[in-house]
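# Breakdown of the fold
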Amino acid sequence: MDTSGLVDFPQSEAEYAAWVKAHSPGYIINAPRQGKGDMMWHRAGCSYIVPFGELRYVEGDQLKVCSTHAGALAIWAKQCPNTLEYCQECCVAVSKAQQQVSFCLR
């Protein structure tokens, strides 16, 4: 699968903030720009990665890889040698949402 056009790499804090605002149901992988280190998969609305104030989310040592297509983001991550982990806060939020949907479908 060609992921070009499906995965975004914001280069500035303003670009990152605009992407998060426009794609709230999307996904973001936080990855080191160089070298080894774990990558972390988040939902776009996760409190750990939401752009806030003067914090540097994109212009520092970390790269943000963004997509509304989970499959494309997973393919991008699989091409990296770094370990991919999943944010526990995001997993809890998804689990709660799935429980609500399943309750509503009963």
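A brief look at the structure comes next. Within any chain, residue numbers begin from 1 and follow the written order of that chain's sequence. Only residues with pLDDT of at least 70 get local features here, since the model is predicted, and only at 80 or more are side-chain atom pairs given and counted; chain-wide, interface and lining totals rely on the full set of residues. Excluded from the side-chain calculation are hydrogens and water; included are all heavy atoms of the structure.

## Describing the overall build of the protein chain
A helix here means a DSSP run of H or I that spans at least four residues, while a strand means a run of E at least two residues long, and both kinds are numbered starting from the N terminus. Summing up its helical and strand segments, the protein chain has 3 helices and 4 strands in all. If you list the helices and strands of the protein chain from N to C, you get α-β-β-β-α-β-α. When each of the 106 residues of the protein chain is scored for burial, the buried share is 33%. For the protein chain, long-range pairs separated by at least 24 residues make up 69% of all intrachain contacts whose partners lie at least 6 apart in sequence. Where accessible areas are quoted, they stem from the Shrake-Rupley method and a 1.4 Å probe; at the residue level, only the protein chains shown are allowed to cover. Summed over its atoms, the accessible surface of the protein chain is roughly 6,800 Å², and 55% of this surface lies on carbon and sulfur atoms. Per-residue accessibility, obtained with a 1.4 Å probe over protein chains only, is compared with the maximum for each type, and a residue is labelled buried under 20%, exposed over 50%, and partly exposed between these values. When checking whether two residues touch, look at their non-hydrogen atoms; a contact exists if any pair is within 4.5 Å.

## Side note on the sheet that holds strand β2 (residues 39-43)
Here, any two strands with at least 2 DSSP bridges between them count as paired. Pairing is mixed across the open sheet formed by 4 strands, whose spatial order is β3-β1-β2-β4. Edge positions in the open sheet fall to β3 (62-67) and β4 (84-86), since each of these has one partner strand only. Strand-to-strand, the axes of this sheet are offset by a mean angle of 25°, without reference to chain direction. Both strand β1 (residues 27-32) and β2 contribute to a ladder of 4 bridges, which runs antiparallel. Bridged to N30 within β2 is M40. Along the sheet, helix α2 (residues 70-78) makes contact with β1, β2, β3 and β4, crossing β1 at roughly 15°. With axes taken as lines fitted to C-alpha atoms, and helix axes fitted only over the stretch in contact, angles between N-to-C directions fall between 0 and 180 degrees.

## A word on the environment of H69
Note on placement: H69 falls in the loop between β3 and α2. Judged by its relative accessible area of 30%, H69 falls in the partly exposed class. Taking the C-alpha atoms as reference points, H69 and Y27, 42 residues apart in sequence, are found 7.6 Å from one another.

## Quick notes on helix α1 (residues 13-22)
Every buried residue of α1 is listed here: E13, Y16, W19 and V20. For α1, the arc enclosing every buried residue in end-on projection is 130°, short of the 170-degree limit, so these residues lie on one face. In α1, the exposed positions angled more than 90 degrees off the buried face are occupied by A14, K21 and A22. Those residues of α1 that are buried are in contact with β1 and β3. It is the directions from the helix axis to the C-beta atoms whose arc is reported.

So, to be careful, I would describe these as geometric facts and stop short of saying anything about function.
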